[in-house]
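Listed here are the chains, written in short residue letters.
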Amino acid sequence: MTDLAHDYLDLDGLFSADELELRDRVRAFVQERIKPHIAEWYENAQFSREIAREMGKARLLGMHLSGYGCPGRSAVEYGLAAMELEAGDSGLRTFVSVQGSLAMSAIHKFGSEDHKQRWLPGMAAGELIGCFGLTEPGAGSDPSSMTTYAERVEDGWVLHGAKRWIGLATIADVAVIWAKTNEGDGAGEGAASIRGFLVPTDTPGFSATAIEPKLGMRASIQAEITLTDVRLPADAVLPDARGLRGPFSCLNEARYGIMWGAMGAARDAYEDALAYALERRQFGVPIAAFQLTQQKLVDMVLEIQKGVLVALQTGRLKDAGTLRPQQISLGKLNNVREAIAICREARTVLGGNGITLDHSPLRHANNLESVRTYEGTDEVHTLIMGAAITGIPAFSAGHQP
Amino acid sequence: MTTITSGPPEISSSDYYLLDELLTDEARDVRDRVRGFVDRDLLPVINDYWDRAEFPFELVPKIAQLGLVGSTISGYGCPGLSRLAAGVLTRELARGDGSVNTFFGVQTGLAMGSIALLGSEEQKQRWLPGMAALDMIGAFALTEPGHGSDAVRLETTARRDGDHWVLDGAKRWIGNASFADVVVVWARDVEDGRVKAIVVGKDADGRYPDGYSADLITGKIGKRAVWQPDITLRGVRVPVENKLDEARSFRDATRVLTSTRGGAAWESLGHAIAAYEIALAYAGERQQFGKPIASFQLVQHKLAEMLAEITAMQLYCFRMADLHEQGRLTGPMASLAKMHHARKARQVCLDARDILGGNGLLIEHHVARHLTDMEVVHTYEGTDSIQSLIVGRDLTGISAFT
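Just so you know, these numbers come straight off a predicted model, no measurement behind them. (Residues numbered from 1 in each chain as written. Chains lettered and ligands numbered in written order. Predicted model: local features only at pLDDT ≥ 70, side-chain atom pairs only at ≥ 80, totals over all residues. Heavy atoms only, no water.)

Chemist: I keep staring at the overall build of chain A and nothing clicks. Help me out?
Modeler: Scanning chain A from N- to C-terminus turns up 10 helices and 11 strands. A globule of 401 residues ought to have a C-alpha radius of gyration of about 21 Å, and chain A, at 21 Å, matches this closely. With the principal axes as the frame, chain A shows a C-alpha extent of 80 × 50 × 40 Å. Buried residues in chain A amount to 53% of all 401 residues. Within chain A, residue pairs in contact and separated by at least 24 positions form 76% of the contacts whose partners lie at least 6 positions apart. (Helix = DSSP H or I, 4+ residues; strand = E, 2+ residues; numbered from the N terminus. Rg over C-alpha atoms; globule rule 2.2 N^0.38 Å. Buried < 20%, exposed > 50% of the residue type's maximum accessible area, 1.4 Å probe, protein only. Contact = heavy atoms within 4.5 Å.)

Following this line, the structure appears as structure tokens:
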């Protein structure tokens with residue numbers, strides 16, 4: 001392999017020494033702690049509770065948050081970590097996204113001082129696990145149609161409803177649950193009444209059941225949550241979030257991490273395919289000597305280099321405080337779409353060997369099918385961008401400008 | 001039988017599955033007649049016309065001699081071809097040139113098709129025989145400057161005034177309309193708001209009625225050898241007997257278009273075949289790195305993909321012709337073929353051009369002509385988007401046009 005094989009455009013030159021040091025540290029963690037076990041975890045559909053603590057020790061949880069025991073790293077550093085983690089497996093990066101970008105960032109952005117003190121230090125250490133309940137069985141791309149309901153009663157709140165595809169919910173200590181309320185604008189009906197609640201998972205009436213069997217993202221947990229007469233104290237509500245703006249701002253954090261992570265998976269698939277192509281011989285030569293194989297590998301390099309540039313520019317904007325949510329859609333849409341194509345093409349380079357767990361591309365491709373759907377489908381990001389460039393929202397059928 | 005023979009099939013390099021063996025004698029005869037005309041008369045002269053954006057009037061009498069104008073229409077001097085033979089005719093013409101095929105399609109499918117479908121017996125007698133002999137040229141004026149995909153909202157008006165209809169409005173992209181003898185104009189009757197078809201003809205001296213003017217659209221980069229002018233209608237008076245009897249609403253215009261839509265699929269196939277054959281021949285001759293470029297994996301891959309698409313397109317077209325013949329071809333079924341074929345043929349032409357390298361940019365190699373002509377096909381007769389919405393509505397029962 002040549003030096004250009006791994007960083008064709010010298011993108012490393014765009015990162016600071018601190019950023020590269022962090023990247024290399026996470027890469028080493030993935031090499032030592034994830035890669036040797038991931039095939040087994042994936043095969044057994046298993047998430048290791050222990051790895052959560054190790055990630056806490058490695059300062060990977062709530063990385064981009066400050067105070068309360070959080071590492072306070074930059075958006076670019078968080079992105080680099082996501083890329084390295086997903087080079088290991090999307091399931092592990094998903095854990096970090098759910099814990100840090102969704103659950104912890106909801107508490108960090110919208111929680112009371114008490115909420116932050118109570119939960120964030122333990123979550124940053126990986127001792128406590130959080131989850132984030134927005135999606136429902138009937139409300140996916142359109143969360144404003146959620147039906148989970150929190151009723152204000154004299155001494156607190158009572159929650160009813162169901163959530164679906166909630167990462168980590170079966171092992172979580174606390175769930176951030178978004179629900180419509182009978183308070184505020186559009187009480188009980190409109191999206192403006194949506195509030196966030198911190199629900200300790202040992203509260204009576206809260207139950208979570210893992211969704212299985214899954215064909216992708218097997219090394220992480222997604223669950224169904226039911227909320228039946230869940231009674232919470234008055235201060236369980238997140239004081240500073242009203243309407244969908246609250247959960248959406250958390251999704252933006254996670255979407256940002258995904259655009260880096262997807263390129264990590266793609267890179268790992270490409271490197272696996274490249275190594276194999278150089279070693280595997282057919283017709284007397286390494287298959288890397290065939291024009292058609294070289295074309296596949298080159299197409300992968302093209303898209304990986306572009307995707308990392310997109311992620312980096314997005315991260316620089318985020319660190320500058322000028323990133324707009326619509327801009328995140330570009331990277332999420334492009335990088336996940338290209339990453340799936342790269343992983344599938346890498347699989348073809350591996351021939352029959354590519355369908356075993358000895359190689360990463362098909363595992364990554366299957367994982368990425370989940371990534372493509374969660375945090376905004378291709379269609380939703382297309383429409384976000386479409387509205388941003390035309391000024392015309394086209395989310396609902398038959399919209400008339 | 002599991003024998004697989006090696007070596008290229010003998011009949012034609014683009015007919016990999018020997019599908020032309022399925023042709024009827026009639027269709028095979030049409031194929032050979034048109035192919036002869038294309039190879040002998042059309043290909044030697046067409047590039048020059050295309051380059052100068054001139055219409056090849058010299059070919060018109062030769063096309064007339066083929067005896068195929070009017071295509072599927074029976075009687076009135078028309079050949080009454082089967083749908084299969086008509087499709088093969090279009091395929092072979094487009095394999096030669098898109099502009100000439102459009103001239104032929106406007107004459108046969110749109111202008112004569114409107115009259116045959118919607119005209120009275122007297123009207124058919126009056127126009128069709130002369131048109132079949134190409135003594136009279138036809139045009140079909142539906143599209144307007146402001147109404148392409150939504151032609152249903154056309155704004156040209158027709159007002160009854162005694163023994164005349166008075167037409168006002170503007171039309172755009174109207175093939176042949178700067179010299180046609182018979183222009184079928186679709187206009188909205190101010191009385192009942194319905195769309196009617198009214199034929200604007202020339203007088204005995206070969207002049208258009210006052211108020212009719214046609215201005216060539218210049219600067220086209222595809223189908224350069226067919227003229228598709230803008231038309232302006234200012235108080236154009238037409239005798240009442242020129243209104244096509246059976247054209248009562250926009251739906252009737254749609255009926256004409258539905259029957260020509262399948263033709264756009266055959267036409268795409270013809271362009272793809274031409275581009276593929278040019279690329280294959282070039283790849284066999286062109287030497288780089290000491291061998292023909294056909295010996296490179298990347299080139300073989302492109303050629304194989306092109307052939308795969310062409311073979312699939314052939315099968316679609318043959319089946320479409322059968323269904324059409326049996327009266328079972330629906331509009332959305334034709335839309336599916338038009339959408340698919342235009343998309344695939346466009347890619348085949350692009351790949352073919354790519355194989356020819358810089359030479360592919362030169363008109364003498366023909367492939368750039370097919371490539372840019374395909375851009376026209378991709379848009380006309382219902383764009384890619386519109387066809388997908390027609391199919392989508394048919395699948396889901398939900399109209400998503402607006």
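That covers the picture; the talk isn't over yet.
Chemist: Quick question: what am I supposed to make of a nonpolar patch on the surface here?
Modeler: Residues and elements named next belong to chain A. There is a patch of nonpolar side chains on the surface, built from Leu4, Tyr8, Leu9, Leu14 and Leu309 and spanning about 460 Å² of accessible area. By the secondary structure assignment, Leu309 is in helix α7 (residues 291-320). Leu309 sits in the partly exposed class, given a relative accessible area of 34%. (Patch = residues over 30% accessible without salt bridge, like charges linked within 9 Å, V, L, I, M, F, W, Y side chains within 5 Å. Areas by Shrake-Rupley, 256 points an atom, 1.4 Å probe, with all protein chains shown as cover. Salt bridge = Lys/Arg side-chain N within 4 Å of Asp/Glu carboxyl O.)

Chemist: Explanation requested: the pattern of salt bridges in the structure shown.
Modeler: Here the idea is simple: oppositely charged side chains can pair when their charged atoms come close. Residue and element names in this part refer to chain B. Under the defined criterion, the tally for this structure stands at 49 salt bridges over all chains. We note a salt bridge from Arg346 to Glu375, for which the minimum N-O separation is 2.8 Å. In this pair, Arg346 is assigned in helix α8 (residues 331-355) and Glu375 in helix α9 (residues 367-379), connecting sequence segments 29 residues apart. Judged by its relative accessible area of 29%, Arg346 falls in the partly exposed class. With a relative accessible area of 33%, Glu375 lands in the partly exposed category. The network of salt bridges with shared partners includes Asp20, Arg31, Asp32, Arg35, Asp39, Arg91, Glu92, Arg95 and Glu277.

Chemist: Would you take a moment to explain the interface of chain B and chain A for this structure?
Modeler: Interface extent is often summarised as the accessible area lost during association of the parts. Across the contact, five residues belong to chain B and six residues belong to chain A. When the buried area of chain B at its contact with chain A is split by residue, B:Gln297, B:Leu298 and B:Thr402 rank highest and sum to 81% of it. One can count three residue pairs in polar contact (both at pLDDT 80 or more) joining chain B with chain A. (Buried area = accessible area lost by both parts, 1.4 Å probe. Polar contact = N/O pair within 3.5 Å; in protein donor to acceptor, adjacent residues only side chain to side chain.)

Chemist: Before we go on, may I ask you to explain the domain arrangement of chain A in this structure?
Modeler: Residue and element names in this part refer to chain A. One can read the domain layout of chain A as domain 1 (3-124), domain 2 (130-243) and domain 3 (246-390). Tallying the contact residues gives 39 residues for domain 1 and 38 residues for domain 3. Taken together, both faces of the contact between domain 1 and domain 3 bury some 3100 Å²; the carbon and sulfur share is 61%. Arg267 is paired through a salt bridge with Glu84; the nearest N and O atoms lie 2.9 Å apart. Inspection of the region where domain 1 meets domain 3 yields 17 residue pairs in polar contact (both at pLDDT 80 or more). Contributing elements (two or more residues each) for the side of domain 1 that touches domain 3: α1 (17-43), α3 (75-88) and α4 (90-110). Here the side of domain 1 that touches domain 3 takes 11 residues from α3, the largest share from any one element. (Domains from an automatic or database assignment.)

Chemist: I would appreciate a short explanation of the packing of aromatic side chains in the present structure.
Modeler: Pairs of aromatic rings are described using the distance from one ring centre to the other and the angle between the two planes. Residue and element names in this part refer to chain A. Taken as a whole and judged by the stated rule, the model has 17 aromatic pairs over all chains. On the numbers, 4.9 Å between centres and 70 degrees between planes, the contact of Trp157 with Phe197 is edge-to-face. Of this pair, Trp157 sits in strand β5 (residues 156-167) while Phe197 is found in strand β7 (residues 195-200), placing the two residues 40 residues apart along the sequence. Given the relative accessible area of 2%, Trp157 is considered buried. (Phe/Tyr/Trp six-rings, centres within 6.5 Å; stacked < 30°, edge-to-face > 60°.)

Chemist: Got a minute to help me understand the confidence of the model for chain B in this structure?
Modeler: Atomic detail in the predicted coordinates should be set aside for any region of low pLDDT. On average, residues of chain B score 94 in pLDDT, and 97% of them are at 70 or above. In this model, residues 6-11 of chain B is a region of pLDDT below 50 whose contacts with residues beyond four sequence positions or in other chains number four contacts. (pLDDT = per-residue confidence, 0-100.)

Chemist: I tried to follow the environment of A:Ala162 on my own but got confused; where do I start?
Modeler: Residue and element names in this part refer to chain A. Secondary-structure assignment places Ala162 in strand β5. Between the alpha carbons of Ala162 and Leu302 there is a distance of 43 Å; along the sequence they are 140 residues apart. Filtering out sequence-adjacent residues up to four positions away, Ala162 remains in contact with Glu136, Pro137, Thr148, Ile225 and Thr226.

Chemist: Which parts of the structure should I look at to understand the nonpolar core?
Modeler: Formed by 121 residues in total, the largest nonpolar core has its most connected members in B:Val183 and B:Trp186. Tallying contributions element by element places helix α6 (residues 250-285) of chain B first for this core, with 16 residues. In terms of nonpolar packing, the next biggest core, distinct from the first, is built from 120 residues, A:Ala82, A:Val174, A:Ala269 and A:Leu297 among them. (Core = buried A, V, L, I, M, F, W, Y, C linked by side-chain atoms within 4.5 Å.)

Chemist: Please clarify how the packing of α6(B) against α9(B) should be interpreted in this entry.
Modeler: When two helices pack together, their arrangement is given by the angle between their axes and by how far apart the axes lie. Residues and elements named next belong to chain B. It is at 9 Å that the axes of α6 and α9 come closest, and there the two elements cross at 160 degrees. With respect to their mutual orientation, α6 and α9 come out roughly antiparallel. Every pair of crossing elements has a handedness; the one defined by α6 and α9 is left-handed. For the pair α6 and α9, contact is made by Ala264, Glu267, Ser268, His271, Ala274, Ala275 and Ile278 and by Val367, His370, Asp373, Met374 and Val377, respectively. For the contact of α6 with α9, a count of residues per class yields seven nonpolar, three polar and two charged. (Axes fitted to C-alpha atoms, helices over the stretch in contact; angles between N-to-C directions. Parallel < 35°, antiparallel > 145°, perpendicular 65-115°, else oblique. Left-handed = near helix turned anticlockwise from the far one by under 90°. Nonpolar A, V, L, I, M, F, W, Y, C, P; charged D, E, K, R; others polar.)

Chemist: Just to check I follow, could you spell out the state of the cysteines for this structure?
Modeler: Residue and element names in this part refer to chain B. In this structure the tally under the stated criterion is zero disulfides over all chains. Of all cysteine sulfurs, the one in Cys317 lies closest to Cys349, which takes part in no disulfide; the gap is 14 Å. Its relative accessible area of 0% is what places Cys349 among the buried residues. (Disulfide = S-S within 2.5 Å.)

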